[in-house]
Every structure is written in C-alpha cells, then in structure tokens.
Amino acid sequence: MGHFVPHSDADIERMLADLGLASLDELFAVVPDALRLARGLALEPGRSEPDVAFEMERLAAANRCGPELVCFAGAGAYDHEVPAATRRLGSRSEFVTAYTPYQPEVSQGVLQALFEYQTFVSRLAGLEIANASLYDGASATVEALNMAASPKGHSTMWVSGALHPNWRAVIKTFAAGSGHEIVEIPTRDGRTDWDAAPPGEPAAVVVANPNFFGVLEDVSAARTAADLHGAALVVAFDPVSAGLLRTPGEMGADIAVGEGQPLGTPMSFGGPYLGLFACRRDLVRRLPGRLVGRTRDVAGRNAYVTTLRAREQDIRREKASSNVCTNQTLIAVAAMIQLSWLGTSGLAELALRCARGARYTREALLGLPGVEEFVTAATLREFALKLPVDATTVVERMAEEGFLAGVAVGVESGLATIDGEALLVSVTERRTKEQIDRYVECVGKVIR
Amino acid sequence: MTSEHNARVPAPAGRATSAPVMGRDSEATIFEYSSPGRRAWSFRSTGLPEWDASELVAPGLLRGAPVELVEVPERDLVAHVTRLTHRQYSVDLGAYPLGSCTMKYNPKLCDDAASLPGLANVHPATPASHCQGWLELLWSLSNALCEVTGMKAATLAPPAGAAGELTGLLLMRAWHDSQGETRTKVIIPDSAHGTNPASVTLGGYETVTVPSDDRGLVDMTALRNRLDGDVAGIMLTNPNTLGLFEEDIAEIAAAAHDVGALLYYDGANLNAILGVTRPGDMGFDIVHMNLHKTFAVPHGGGGPGAGPVAVSARLEDFLPGPLAQRGDDGTFAWVNPARSIGRVHSWYGNALALARAWSYILANGGDGLRRVAEGAVLNSNWLKSRLRGTYDIPFDRPAMHEFVASTSTLKKQTGLRALDVAKRMLEEGFHAPTVYFPLIVEEALMIEPTETESVETLEALAEALIRIAGEVAGEAAHAPRSTPVGRVDEALAARRLQATWDAVCQPS
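Residues numbered from 1 in each chain as written. Chains lettered and ligands numbered in written order. Predicted model: local features only at pLDDT ≥ 70, side-chain atom pairs only at ≥ 80, totals over all residues. Heavy atoms only, no water.

Student: What's the story with the packing of aromatic side chains in this structure? I'm lost.
Tutor: Two aromatic rings are characterised by how far apart their centres lie and by the angle between their planes. Tallied over the full model, the rule gives 22 aromatic pairs over all chains. Through a chain of ring-to-ring contacts, the aromatic side chains of F269 of chain A together with W134, W334, W347 and Y348 of chain B assemble into a single cluster. Here the guanidinium or amino end of R431 of chain A rests over the ring plane of F72 of chain A, the centre of that ring lying 5.9 Å away. Taking the ring centre of Y205 of chain B as reference, the NZ or CZ of R173 of chain B above it sits at 4.6 Å. (Phe/Tyr/Trp six-rings, centres within 6.5 Å; stacked < 30°, edge-to-face > 60°. Lys NZ or Arg CZ within 6 Å of the ring centre and 35° of its normal.)

What follows is the structure, given as structure tokens:
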C-alpha cells in the first residue's frame, strides 16, 4: 500500500522521465540480478490505519495490566503515576520527531531540556556531572565499569551480588568483549558482604542502594572496600528513594548510575527506559554519552550545545571508550518534566508514600500464617518475604485473582536471582489501603 | 475553485519558514521560574497510615532536607516546556535531509499504537501466560525482520544501533570461540560510521581499515591484502555511507568466508533496499537494523531507538535471550538459546519502540516496504540530478537512498564551506544535511531526502541549495539569523564547562 510515499503516479512518471528512466526497477540497476528478491517480501499486504489499529488493540487486549492485574511487582520497573502534564508535554511531536541536536541553532528545545535534566540528575546523585542519558540501568552500569577501567588492559570489577540479576547478566555479557573480570560479591542477610571478597585489585566496586531486595546497603562499607584498592565506587541508586535517602555522592560514590523509569515513564514491558549516569567533575573527560553545556550565541544570548564532543565515537572512533550514539533523549525529557512537576516537596512526598505503603503491606503479609522475613535488614519501598508456597506458584495464582503479586526471587551461592523461593513485593504511591487489604487477603487464600 | 487555483503548483510541505518565533529572547531555565511553596503535584488518596519518614528510615540514612529540585506550578511548567518545543526543529515541522539518519515522516498511527494502555502499562515481569499479546508481537516482528533481511533468527533486545553492533560483535566472538579459534581483527571501510570502530574496540577486537576505491566502493585488492586467518569479520553498510551499492558484495562475502571470517551488515542504510534485495542473500551472517531509521520509529531528539540483530542459521544458538517463541499449541513462551551470549538489556529491549515498528510494518506490508525503498531511491536520485552542476558530486554513480555532494570547488571559488551551507539551510526553513561525513570526502554534504518528501519539497530543497551556492562570498558565514539562536560558541562551552544550572550559579 505504501501509505507514506506522497507521490501520485503522475509525479513518479515525471520524476523518472527527468532522470531518463523508464521504470522504478531501473533505479536498482546497480543491484546484481542474482541478488534481487524477485518474489518480493513474503509479508502480508499493507493494511489501512483502522485495520492496523484493530490488530494492535487485539494484541494489547491479550495482555493484562492496570485494574485487571493490580501491580505489586517492582524489581526495577515501577507502577508510578504518570501525570497528564508529563504525558502530554513529553509526547509533543517537536520532541518526539527531532533528531539528535547536531544543529544547535534549531535544537535549543531539546538541548535546554537535557541541560535541565542533567541538573536534576546531578542533584539526585549528589555529583557535579550528569550525562544526557544512557539506555537503561544495566547499560549505565556497564558504561560506569568501562569508565572506571584502566585505559589500557583489562580490569577486575567487584560487583555486589545484590545488584539486579539482569543487570549482572548484562555486565557479564559485555565483559566478554572488554575483557573485564567480573567478581560477584556474595550477600549475607540481603546485604553485600564485602569481607567475603576474594583477594584482588578491583578497578571498580559496584553496589546498589536500595539493592535488588529493597534493602538499604551499608554504602560506607563499599567505600572502604574501594579505598583499600584505590578503586572507583559505583553506586546504583533509585531516583524515587532519593527523595528520602542521602545522595550517592554524599555516601562516597565516584559514579552514580540508576534506572530512571520511575521518573515519568510507564512500565512499557521493560523499555524504553532511562539510564541515569552521574560522576565527579574530574572524571568528565571519560564520560560516556552526550553532554549538554551552556554557552552563548554570536549575539551573546544564552544557548545550549552538546559539548566535550571529542570523547564521542564519531570523532574518536576506535579510541572511544563508549560507542553510544542514539540514547534515550525523549525519556530524559519526560524525566525532566516529571521532576519539575514533582518538585522538591513532591519527590520527598512520593518516596514517603511508597515507603508507607511498603511498610503497611509488609506488616500485613507478615501477619499471615507461614509468612516470614526473607532478610531482616531494613528496606524502604520494596521487600522480600518467604511464603509457605513456592513464590512462582503464588505469582501465577495471584494473577488469576487480578494481582501481579510481585517477582519470585532467591539467593544462590550468596547471589540474588530472579526465580526462587521468596516473593519480592513493591508498593508505589498508586496502591490504596483497600487494594492492599484485598491483596493481602488473596495472598492468604493462595498460600493456605 | 478557479482554474488559476487548479493550475497552481502545490506549496512545499517540507519548508518551515512560516514557523512562528515569538521574539528573540532566551527561554529562562525551569530553575528560574521556581519560587518557594509553589507546586504542581498531587497524589492518590490511599487511606494508609501517615507515618513520618523518621519512623520508616534509620536516622543515619535519612536526608536532612529534601533534594532541591524546583517549586513551580503546573501552568508555569507547561508554558516553559511548550516554549522549548517552539525552539526545536522536527520532522513534523519540515524536511530533515540528514544523510545516514533516515529522518522520514513518523506516521501518527504508530504513536497511537505505542500508547495503548494494554501495551504501555504492562510490567516486564508479568507471567508469560498474562502477556501473550506482547510475546506474540515480539515474535511476529522478529519473523518479519528476518524476512526483510533474509536471516534465520533475531533478537529484538539491543536498544540502539550501536548496541546492536556490539551485540553482533559478541556473537562473532562467540562463533569463533565455538570453532576453537581466537581471532583479533575486524575490517571496516574508511567510510564507516564512527560507532563501527568504537564497537569493534568494545568487542575486544582491533580495527583494520580498508580504503575505498575511485568508484567509492570497497577496494577489492586492498581488502584481499588484509584478509587472513586473524580476521574475525568484516563490517559493511550496503548501500555504503556514500549512498552507493557495493556491487562486489557477493565477491566480498566469498572472500570473507574463504578465510573463515563472518560478514556483518550495518543496517543504517537498509531503507534503500527493502524488498529489493536482502543482506542474507548477499552473504551476510549478522545484521543489525535501526528501527528508528528504516521502520519509522521517531528519533525522539536522540532516542530511544531500537537495534535488533538478525543472524544466519549457524549463529542462531548464540543469540541473546530471552526470545519469544510460539509453541505447537499456539501459545507463546520465553526461551533462551542453547549457547546464548547472555542478556544485552535489563528486560527485552525498547519494547514500545518495537510496537511502533510492528504497526509500521503492518501498515506498509510487503508491497508497501518495497515502495518505501523505491521512493527513497527515486527522491535521492532526483534531488542529486538537480544539484549536479552546482555542487561537486564526488562519486557520481547511480545513488541509492542518499548521495554525497561537496563544496570543494565552491570553497576555492567563493570560500563556501559545507558548514556554511548547513547553517544557511536552517534559515531557508529546512534542517541541514549531514556535513563533514563520510570523512573521505572533503566539505561533504550528505543528503538523504527520504521517501516521505513530496517533489515540491525536493524542488524547494534544490532551489535553496542552488541559491546558497550562488550567493556573494562570505554571505553564508552570518547564517543562521532567523533561528531561535545564532551560531553558538562551541569552544566556550567546552572551555567554561557549564553542564548544570548549579555550575552556572557557582562558576568554579
């Protein structure tokens, strides 16, 4: 059907005639015959807009979410409210359909939004520099390791076993190329046990706070472990918990990374999300990804531009320490809007409300017979419990009752896993007392 | 309607000189609109106990005061952000002939598809039995991309082109490892995108560059001289970044495979060949696609994109997981390939971008995708023919979806540089072409009109470019003057680094 090529048949004829060609096929004369796809693509014929919409709605209807599956799952993806202002402004087509701001004179909108985003991330992280986004929390952590690595040769990295299991998996995948040796440090009672680290000289020490189990880590112990070896401390933080907790920078981080999805982006089946990345100012020349700086135009007016470009792949090519080009700008713009909408008091209130909901839910669940703490360490907005019935089964049965009960998690050789005996439960500001009471009642039924 | 009206040439829709600019002042930052006690937020009434923070967090961990963000009412926030959008060029506003970026029109129906609550509000850890729609979508898209590229299997997880490249290189590494071989080098052409060599390094390989010959194609003799048992693979874009089809591709594939190397297809320019020819049929083993180029996922001001990777049968077992698969009973489940290189994303990739691409493929169908390629190549050749004689066309062979022009001769005559042309084009109501790329062409203007621009827009683009070439020497150096800001001082930005509002307020 080709709905989006504007030419009429007459236009095409005229253009071909201008080129001295008799047919559209002749445009491809340079493609050797043997390589031509004579049969055409074996895909269905094009559909009209309403037919496409009907099919997409059919697919959407085959998923359960929202009121059909009330969400108590977290594990790096959170069911926060996305207010109308963020949704409406964040989907303005001037942001949605712009390219990377390589021509600053006509890209001040995106550039200034990113400058404001960088300011917010820098403040949340408690570090002077923040970049204009990476793909997700996992990719931000990988980039942090590459940044901390010695410019020559391979490095050892100590990664907390309570970092998100999927993030640890991503780190290990990319280590096959970088050659970094990834050493996972086991946990004890849900917290990283740095005393259990094997001998070695790490270039970076990575800890999440709160960690995968929702537990508040002793970041100073990670700092001490890093200091013993002259390693960089990478802290993975949660931007919502940041409303209540001291910043990674205050706790000694050299680099802070995080998953920015909670800042105005729906759960989206896992993406597009937002890799938060901040670091100390003296590390800026090894910063991965884009950085927007404020400057002036020829008339002396304030203007914004991508800066320290010599770090980036299109200039440094094989010597670049990161290959990032396309990032997550639109999600970063949404985060900037969301953080402005929340503001100083709103972020603190949001964190408090999540923590209240988590505490209420945790206490109620612990009141059920056979439900026990999985770890005893303090948590904030997410917690893990042991149930008398296998957690995967509980999640399946609770789904039939209209709840996404949480994520089944466990510990294997001291390392956090997805799938396991415990249920990781997260409570956001969207959960009401009535929903929670019903949820707890259903869990009680399912585990009986 | 008068006959005079009927005879009129349509106005060029891609020209944005009518875009309003409400004055010439800078927009204040959101921080400057802030005032204590103002707010936009409100939350759901929950009926939960209202414990204090001190009852919920140990005192040593609790902040003294909240992180200072801003205090603005919603109306002021909306005004600020709306004004930012008025300082931004976009595809919806006008033509964006950025070579190698495929800035085509992004159909609105794809926006709607990606906004469906049944797609956007699904938690990624939802049991597969309760998100069958998503798994079916991913499975269907994966199959369609394999058909388009002529490959056997695909991962949709890489969130961008560069992430796809690195994933592909790790697949290459896993393949050679499985063969008991350690190879050290990857060959790329001198016209390659910068992400290629950067990804090669991150993949643990050394980059070897192969020059282009006087046709603008890979120099076959030089390539053969570089091919040996240490070469893990060759990364190519076809059509290449000069917009030329690598006619010797079958020979290149044979030469690579003869020494046991794999052939990697950088899908940046896939738009040109949709339904015409396929990387798999050319002999490629690994293909990454940029769904934000070829399949109309909007670029978002620099992302999110999506960079799926498709492979030939021998590499299928190494793909990153998990992958959506249809069982015999018609239900969908996650599977992990037997010798998977592991995860490359926190979850399954940029899922909503994948949903947009799927809706685009449904709308176009197999026939429509072929028309995309035809339109892209027709527009590019037509525009090139209009510029021949005014600008240098360094490799003047039949173009594919884009072509490279140059101001080399004009620079000698009037001092006109590619950068000046770019800045003048902004005044003409267009986005600029890509400049100074590929690196092998001096004063390069890389022009990709895409299939979605009308012939009147192409004519307006040509007229503007021709007018600029004929202007008095030095004229273009003052451009742009009609944009929200004039040329910016990039040197100052780097020298006096101010990457946050706090750095502006407290200069170091």
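Student: How should I be thinking about the nonpolar core in this particular structure?
Tutor: The nonpolar side chains of soluble globular proteins are, as a tendency, buried together. Grouped together as the largest cluster of nonpolar side chains are 249 residues, with contacts concentrated most on M56 and Y439 of chain A together with W134, L291, F295 and Y391 of chain B. In this view, M56 of chain A contacts A113, L116, L119, L137, A355, W358, S359 and L362 of chain B; residues no more than four positions away in its chain are not counted. (Core = buried A, V, L, I, M, F, W, Y, C linked by side-chain atoms within 4.5 Å. Buried < 20%, exposed > 50% of the residue type's maximum accessible area, 1.4 Å probe, protein only. Contact = heavy atoms within 4.5 Å.)

Student: What is the right way to look at the domain arrangement of chain B in this model?
Tutor: Interface size, as often reported, equals the accessible area lost upon joining of the parts. Domain parsing of chain B yields domain 1 (29–88) and domain 2 (111–363). Between the C-alpha centres of domain 1 of chain B and domain 2 of chain B there is a distance of 41 Å. (Domains from an automatic or database assignment.)

Student: Before we go on, may I ask you to explain the interface of chain A and chain B in this structure?
Tutor: The partner chain B presents 200 residues to the 188 residues of chain A that form the contact. Per-residue buried area on chain A facing chain B is highest for F4, Y99 and F269 of chain A; these three make up 6% of the total on that side. A salt bridge links E147 of chain B to R39 of chain A, with the nearest nitrogen and oxygen atoms 2.7 Å apart. Between chain A and chain B we count 93 residue pairs in polar contact (both at pLDDT 80 or more) in total. Among the elements that take part in the side of chain A that touches chain B, helix α10 (residues 329–366) of chain A stands out by supplying 25 residues, more than any other. (Buried area = accessible area lost by both parts, 1.4 Å probe. Salt bridge = Lys/Arg side-chain N within 4 Å of Asp/Glu carboxyl O. Polar contact = N/O pair within 3.5 Å; in protein donor to acceptor, adjacent residues only side chain to side chain. Helix = DSSP H or I, 4+ residues; strand = E, 2+ residues; numbered from the N terminus.)

Student: What am I meant to see in the sheet that holds strand β16 (residues 407–412) of chain A here?
Tutor: Paired through backbone hydrogen bonds, the strands of a sheet run either parallel or antiparallel to each other. All names here are of chain A. Sheet architecture is open: five strands sit in the order β13-β14-β18-β16-β17, paired in antiparallel fashion. Taken across any chain shown, the strands that pair with only one partner, and hence form the sheet edges, are β13 (372–373) and β17 (415–418). Where β13 and strand β14 (residues 382–386) come together, two bridges link them in antiparallel fashion. Looking at β14, one finds that E372 is bridged to K386. The strands touched by α10 within the sheet are β13, β14 and β18 (422–426), with β14 carrying the most contacts at an inclination of about 5°. (Pairing = 2+ DSSP bridges. Axes fitted to C-alpha atoms, helices over the stretch in contact; angles between N-to-C directions.)

Student: What am I meant to see in the pairing of strand β3 (residues 156–160) of chain A here?
Tutor: Working note: regular strand, side chains alternate between the two faces of the sheet. Residues and elements named next belong to chain A. The buried fraction of β3 amounts to five of the five residues, a majority that puts the element mostly inside the structure. Alternating residues of β3 divide into T156, W158 and S160 and M157 and V159, and every residue in both groups is buried. Where β3 meets strand β4 (residues 181–185), five bridges bridge the pair, whose relative direction is parallel. Note that in β4 the partner of W158 across the bridge is V183. Considered for its hand, the β-α-β crossover made up of β3, helix α7 (residues 165–178) and β4 is right-handed. Pairing of β3 with strand β7 (residues 202–209) involves four bridges; the strand directions are parallel. (Right-handed = clockwise from strand over helix to strand, strands pointing away.)

Student: Hey, could you run me through the sheet that holds β7 of chain A in this one?
Tutor: Residue and element names in this part refer to chain A. Pairing within the open sheet is mixed, and its seven strands lie in the order β2-β10-β9-β8-β7-β3-β4. Each edge of the sheet is formed by a strand with only one pairing partner; in this case those strands are β2 (129–130) and β4. In terms of strand pairing, strand β8 (residues 232–237) meets strand β9 (residues 255–259) through four bridges, oriented parallel. Across the sheet, the residue bridging to V234 is I255, located in β9. In the packing of α7 onto the sheet, contacts are made with β3, β4, β8 and β9, and the angle to β4 comes to roughly 160°. Helix-sheet contacts for helix α8 (residues 219–229) involve β3, β7 and β8, and the interaxial angle to β8 is about 155°.

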